[in-house]
Amino acid sequence: MLRAQRLVRPAMGRRRTESRSLSSLTPLTFDTKNPIKKVMAANRGEISIRILRAAAEMGLKTVAIYTKEDANNMHRLKADEAYCIGEGKGPVEGYLAIDDIVRVGKECGVDAIHPGYGFLSERADFAQAVEMAGMTFVGPTPALVAQMGDKLEAKKLAKACGVPIAGGDEGAMDDIEQAHAVCKGLGYPVMLKAAFGGGGRGMRVVHKESELEENFHRCTSEALASFGNGSVFIEKFIVKPRHIEVQILGDNYGNVVHLFERDCSVQRRHQKVIEIAPAPSLSDDVRQKITEAAVKLCRAVGYNNAGTVEFLVDQNNDFYFIEVNPRLQVEHTVTEEITGIDIVQSQIRIAAAESLPELGLTQETITFRGAAIQARVTTEDPSNGFQPDTGRLEVFRTGEGMGIRLDGSAYAGGVISPHYDSLLVKVTSKAQTHEQAARKLARALEEFRVRGVSTNIPFICSTLGHPTFMQGLTDTSFIDSHPELLAPSTSLNRAQKLLYYLADVRVNGPHTPLATNLPPSKKEPVAPKLEKEDEEYIASNGMRHVLVEQGVDAFLKEVRNRKGLMIMDTTMRDAHQSLLATRVRTRDLCSIAPYTAKAMADSSYSLECWGGATFDVSLRFLRECPWDRLRELRKRIPNIPFQMLLRGANAVGYTSYPDNVVYEFCKHAKEAGIDVFRVFDSLNYAPNMVLGIDAARKAGGVAEAAICYTGDICDPKKTKYTLQYYLDFAQELMDAGAHCLCVKDMAGLLKPNSAR
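Quantities reported herein were computed from a predicted structural model and do not represent experimental measurements.

Draft legend 1. How the structure looks around a nonpolar patch on the surface. On the surface, L498, L499, Y501 and L502 cluster together into a nonpolar patch covering about 420 Å² of accessible area. Mapped onto the elements, L499 comes out in helix α15 (residues 494-508). When its relative accessible area of 54% is taken as the criterion, L499 is described as exposed.

The following block contains the structure:
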């Protein structure tokens, strides 16, 4: 027996998860001998969700199945119970495992199994296995599935009922010689079709005899892979037809009705892309004839449950039967929108032996109103031959609003697997007219934001806005006739790119681009070597000797007594936090440090090599310790005072720190080698500088207060930042304990006359 467990991630084999409760809903009471209380959706993705929702609305218990590759698909979370199937099988084979699915259904008490579309939906042996296990197959009888699933048999039945066909009743074949004979009788061009399949697979158009053999082998191979049978049939190819299909509902008592038609002419390689209901530009006369023909055929074979009768309509409005799809169609949504009839719920109730009159469905009462269009949003890239894209959905935001219906299973963070169909969501619009529905659908699609995979949304929007589509005049050659629809359209995706960049930098560090495309130099820079006399010179020259041996006051007195210009050099700080921030490392500075100690011994007031953004750049960009840098430089430059930029109460950060943190920081900075603390505030806000000045003094360093210059003191019209303003501010800083002052001209506004 199955073991009931709540699992986050399924293990191999069948496991059950419970996801919701329907205790608040009362199940429908079926006045039949076959009541249905629990339904399984034997499918995946959006169609599984569609079935589960329909059953839930009826108050029925629901069961989902999934393979281990599909463990995170949304459909398993929409059911009361979900079971992992297909142990030891491939991702697709799991959904084709009839014995496994039937066994799960029996063991968890399922009353009915709905196959959805694709996979086992047209397999008569599946329908038979369900019935033999004592459960109800939500679909036609096994005999009808077999009869209608055989495209050749369906053509013969249509011909017997007087429904026009375009040939193809010669029988199924897998022999190329027989194919040559049939094609010769029909005349080229011809269409090769899989005898036991649909959905555009196993179909090829052959325009001349020389193309037959290659296309025949491809068609049979594809049919065998997709449907388990490689037989094909051949019919006359109709040039530029419209693809019209009629939705049918039949009960178990001989009643058959149609829910009008759909236009599925917008196709690519026989795969439907956009579906419309009702068919635009179809005359009432043709509509009546084609729907009557569909009902006549289905009534003749005793058809029950939902199905679709498909036709081609040529340019003379003559129509030809193609096939019957004995299942729910992908595009059933547009029919539901214009008729207001829930086809899936109708299927379940018919399977429970209710009659169409009991459902309130008689041909006289079924009408349509307005127009509906469905577009299949997939991960296919039109600019790359519609190759399906795979990957994680980084962003998935849909377009919504009045008259928009969404049927899908995709979600942000979900993974699009290469194992399954590339469908993300079906978007259906409903409006009063075909043109209004097209505009509404285009608007909704333009609101979509899908990141992480490519989509066909730009292609669909181009199609919806084309004048031919707006007028409802498309045929099956529409896409091939308008290659401009496939023109690549690249999304700017600015927000996502920015977020991705920020996340990448935060996690992996910066990737600063080079300022030039030139390759790095292959020459290794060589630092000048010092001789022994140079080392002796360094040991006896430089302002730091005065500061260390005689103290701060003697140092300041020596500075005032010097007659020549003294230099405060900021190269070592600026070089690693400017454009070269990720290039100038501690090892680079240490390489040149000994020569710097000699070359600048006489002229230097100080070297500003620390503080400011040093910590941010060293830790975040260079992944180096700024304290180690300071100590290493101090070893190599013992004779020149080191200066740092101190942002007052902010120290070397970007926010105010507690006072004790600033005092301790300055203490450790002095011990590691800093001599002069240049205290700075960009707004000349003295209260923010007072703490820094005091911390520098108590640490034993030189407290140098910086005045930021702005304005123009020589311009009498400038009345805010005057000479008196700067004199008053300087006095305020000296009163706070500053040992010396400096003028910081960040914006380059200080003119020679103002400086004097």
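Draft legend 2. Geometry of the sheet that holds strand β22 (residues 423-431). Read from one edge of the open sheet, eight strands run β14-β13-β10-β11-β12-β15-β22-β20, paired in antiparallel fashion. Lying at the two open borders of the sheet, with one neighbouring strand each, are β14 (319-325) and β20 (404-408). Direction aside, the axes of adjacent strands within the sheet are offset by 25° on average. Relative to β14, strand β13 (residues 305-313) runs antiparallel, the two being bridged by six bridges. Pairing of V313 across the sheet is with F319, part of β14. Against the sheet, helix α1 (residues 45-57) makes contact with β20 and β22, and its axis sits at roughly 110° relative to β20, the strand it touches most. Contacts from helix α12 (residues 457-464) reach β11 (256-268), β12 (271-277) and β15 (371-378) within the one sheet, and its direction differs from that of β15 by about 155°.

Draft legend 3. Representation of a negative patch on the surface within the structure. A contiguous patch of negative charge, built from D174, D175, E177 and E213, is present on the exposed surface. Mapped onto the secondary structure, E177 falls in helix α6 (residues 176-186). E177 sits in the exposed class, given a relative accessible area of 55%.

Draft legend 4. Geometry of the pairing of strand β4 (residues 81-84). Alternating positions in β4 separate into two faces, E81 and Y83 on one and A82 and C84 on the other, with burial throughout. Strand direction decides the pairing type here: strand β3 (residues 61-66) and β4, joined by four bridges, are parallel. Bridged to I65 within β4 is Y83.

Draft legend 5. Inspection of helix α8 (residues 284-300) at higher detail. In this model, α8 (17 residues) spans 24 Å end to end at C-alpha, consistent with the 24 Å of a helix rising 1.5 Å per residue. Within α8, the full set of buried residues consists of V286, R287, I290, T291, A293, A294, V295, L297 and C298. The inward-facing, buried residues of α8 contact α5 (151-160), β10 (242-250), β11, β13 and β14. Just downstream of α8, G302 is the residue with a positive phi angle, here 70°.

Reading the values: the criteria
Residues numbered from 1 in each chain as written. Predicted model: local features only at pLDDT ≥ 70, side-chain atom pairs only at ≥ 80, totals over all residues. Heavy atoms only, no water. Patch = residues over 30% accessible without salt bridge, like charges linked within 9 Å, V, L, I, M, F, W, Y side chains within 5 Å. Areas by Shrake-Rupley, 256 points an atom, 1.4 Å probe, with all protein chains shown as cover. Salt bridge = Lys/Arg side-chain N within 4 Å of Asp/Glu carboxyl O. Helix = DSSP H or I, 4+ residues; strand = E, 2+ residues; numbered from the N terminus. Buried < 20%, exposed > 50% of the residue type's maximum accessible area, 1.4 Å probe, protein only. Pairing = 2+ DSSP bridges. Axes fitted to C-alpha atoms, helices over the stretch in contact; angles between N-to-C directions. Contact = heavy atoms within 4.5 Å. Lys, Arg positive; Asp, Glu negative; His and termini not counted. Charge placed at Lys NZ, Arg CZ, Asp CG, Glu CD. Expected span 1.5 Å × (residues − 1).

Structural measurements only, silent on function.
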